[in-house]
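Structural features, examined
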Amino acid sequence: MSDPGRAPGDGRPLPRGLRIVLGLVGPLLLLGGWQAYVRLADVDEILLPAPTTVLAALSDDRDLLWDAFTRTAQEILFGVAIALVVGAALAVAMHLSRVVRAALGPLVVGSQAIPLPVLAPVLVFWLGFGLTPKLAIVAIICFFPVTIATLDALDRVDPELPRLLRTMGATRRQRLRWVELPAALPAALSGAKVSVAIGGIAAIFAEYAGYEQGEGGLGGVIQTAQLDTARAFAAVAILAVFAIVTTGALALLQRLVAPWAHRRPDGR
Amino acid sequence: MTDATLPAGEAAPLVARDVRLALGDLPVLDGIDLEVGRGEVVALVGPSGCGKSTLLELVCGLLAADSGTLRTRPAALMPQRDLLLPWLDARDNVALPLRIAGTGRREARARAGELLDRVELGGFARSRPDQLSGGMRQRVAFLRALATERELLCLDEPFGALDAITREELRAWLSGLLDARPRSVLLVTHDVEEAVLLGDRVVVLSPRPARVTDVIDVAAPRGARDTGGTPVPRDPTDPALVAARRAVRDALHAAIAADRGRAA
């Protein structure tokens, strides 16, 4: 019997060291090419700063950037946390009730078609310049992958499992608790991985839409960088690294709370 | 759970009289008469697709008959695919029916642990299903059915998905368990060998819509023990078993031939 957790193809997982080296190859090639292009083609650094210039900006503006980063990171993390809870709850509600599904389905999909630059000012107008509108915007953008992935997993549960539980006299609620929710858990976390990756973009747009002096986060840094393009790029670099780290952390969390859904390299 | 005794109850756990059922326009059960007495193992054999599984669904309360009478004590189902919950370890899987019946976690786990220990599977209590072999998973699935403490066990081709060697091993294991602690069992199988090795009676069904065409008593005793007191499975070369096997096979072929005759 084949191990459902094993990846197709050659099967054996790559050694951790090799995996990390390979993960660095892409970014390093990109940075090297970029550096060479800026230097050799003599590009105006106001338009496109070289990676070394960005690195210098990271170091020169580290206090400003760190302060902005902590703000933006909060918006992303709390926003995604809200998205995870609300998104998963929405999926369960849509799974349990055909009425809810019919009523909310189009709304859920439609909500994703609203361009952020349209949505963000409205929410800032309603909710003010503080943290709240930013959380709302991040959550609105980020609940979608969670809802879709969770709903899909709930719909795909092997129908024999709830049937077996019915022979044991299980109520609808017990079937949900023992079968459907655990089955959907890894999918919800997969959705959250997508969410943290796009959460950065949502947070930046939210910050663009308005903030109190000095509380604009990385979005504020990018917006006020003006001719100091390197600083804006430094902010972007921080966002990219943060996305990689948070996605990895979620993968780890998934492994911890849903170990059955993962391949085990030792084959046990 | 008490050891060498049957769960309480007086009457036969299952009595079916002229049970009929159609799924949509498709007649599936065409007047089934069936009885499982206390402590009796009744094997149900029939061509594939004849309606055996539907009959089990009736007995386990997943379906209701269109007509006829079905008197059944609460039944526990052991499905063909083990259907263990991948997120629970073996002990929690065995404990599942207890938890659903409202037993607290600690108590349910203790009882499931005892059950596993008793059949010397205690070492696997904390293993998840994906860490167990196919044969081991079926054993756990059987214990889960036992843990319900229901009067009737419905086994739906319990070893059908296993390789031949494991299947033989598990048959011996199950027959040992049933000899040591008799249960009322309805065993659905399409394996004649399995039916006569484990069954006290073999009920032969016709192709769909299913009727009972023959009932064959297996005249070989169960529950023999060796000098050490360990239950010994029936000997497949026992003349009574050989005769029963031939009778079941003939009855099956006759049922299929009669059906072909009807269709032609």
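Residues numbered from 1 in each chain as written. Chains lettered and ligands numbered in written order. Predicted model: local features only at pLDDT ≥ 70, side-chain atom pairs only at ≥ 80, totals over all residues. Heavy atoms only, no water.

Just so we agree on the cut-off: UniProt positions are given in the numbering used here, feature names are shortened, and annotations may be inferred rather than shown by experiment.
Regarding chain A, the relevant UniProt record gives this comment under Subcellular location (unreviewed entry): "Cell membrane".

**Some details on the domain arrangement of chain B**
Residue and element names in this part refer to chain B. In plain terms, the rule: Delimitation of the domains relies on an automatic or database domain assignment. For any pair of parts, buried area is found by adding up, for both, the accessible area (1.4 Å probe) each one loses once the two are put together. Here, a salt bridge means any side-chain nitrogen of Lys or Arg that lies within 4 Å of a carboxyl oxygen of Asp or Glu. Two N or O atoms form a polar contact when they lie within 3.5 Å of each other; inside protein one atom must be a possible hydrogen donor and the other a possible acceptor, and for residues adjacent in sequence the pair counts only when both atoms belong to side chains. Helical segments are the DSSP runs of H or I of at least four residues, strand segments are the runs of E of at least two, and each set is numbered from the N terminus. Put simply, Ala, Val, Leu, Ile, Met, Phe, Trp, Tyr, Cys and Pro go in the nonpolar bin, Asp, Glu, Lys and Arg in the charged bin, and everything else, Gly too, in the polar bin.
Segmentation of chain B into domains returns domain 1 (1–74 + 151–264) and domain 2 (82–149). For domain 1 versus domain 2, the distance between C-alpha centres works out to 25 Å. Carbon and sulfur atoms make up 70% of the surface buried where domain 1 meets domain 2, a total of about 1,300 Å² over both sides. Remark: the boundary between domain 1 and domain 2 carries 1 salt bridge. The salt bridge partner of Glu169 is Arg139, with a shortest N-O separation of 2.9 Å. Here domain 1 and domain 2 share 2 residue pairs in polar contact (both at pLDDT 80 or more) between them. Put simply, the parts of the chain that give the side of domain 1 that touches domain 2 at least two residues each are strand 6 (152–156) and helix 5 (164–180). Its residues assigned to classes, the side of domain 1 that touches domain 2 comprises 9 nonpolar, 1 polar and 5 charged.

**Let's talk about the side chain of Lys134 of chain A**
Residue and element names in this part refer to chain A. Stated precisely, the cut-off is as follows: Per-residue accessibility, obtained with a 1.4 Å probe over protein chains only, is compared with the maximum for each type, and a residue is labelled buried under 20%, exposed over 50%, and partly exposed between these values. The convention is simple: Lys and Arg are positive, Asp and Glu are negative, and His and the chain ends are not counted. Note on contacts: a residue pair qualifies if any of its non-hydrogen atoms lie within 4.5 Å across the two residues.
Structurally, Lys134 can be placed in helix 6 (residues 131–155). Despite its burial, Lys134 pairs with no opposite charge, the nearest such side chain being Glu75 at 5.3 Å. Excluding anything up to four places from it in sequence, Lys134 contacts Glu75, Phe129, Ala206, Glu207, Gly210 and Tyr211.

**What about the state of the cysteines?**
Condition: Any cysteine sulfur atom paired with another within 2.5 Å is treated as part of a disulfide.
Summed over the entire model, instances satisfying the criterion amount to 0 disulfides over all chains. Free cysteine: Cys60 of chain B, not disulfide-bonded; nearest cysteine sulfur from Cys154 of chain B at 3.9 Å.

**Section: the UniProt feature "transmembrane region" (unreviewed entry) in chain A**
Summarizing the sequence annotation, UniProt attributes the feature "transmembrane region" (unreviewed entry) to residues 20–38, 76–96, 103–129, 135–157 and 232–253 of chain A in the numbering used throughout. Across residues 20–38 of chain A, helical content stands at 100% and strand content at 0%; the span's end C-alpha atoms are separated by 27 Å.

**Details of the layout of surface pockets**
Residues and elements named next belong to chain A. To be explicit about the condition: Think of a 1 Å grid over the protein atoms and nothing else: a 1.4 Å probe that fits but is trapped marks a cavity, an open set flanked by protein within 12 Å on at least five of seven lines marks a pocket, and residues with an atom within 4 Å of a point count as lining. Grid points are joined across faces, edges and corners, and a volume is the space filled by probe spheres set on the points.
Put simply, the largest pocket is a space of about 1,400 Å³. Along the wall of the largest pocket there are 34 residues; nearest its centre are Ile20, Gly23, Leu24, Val241 and Ile244. Among the elements of the structure, helix 1 (16–40), helix 2 (51–60) and helix 10 (229–257) are those that each provide at least two residues to the lining of the largest pocket. Here the lining of the largest pocket takes 13 residues from helix 10, the largest share from any one element. Tallied by class, the residues present in the lining of the largest pocket amount to 25 nonpolar, 4 polar and 5 charged.

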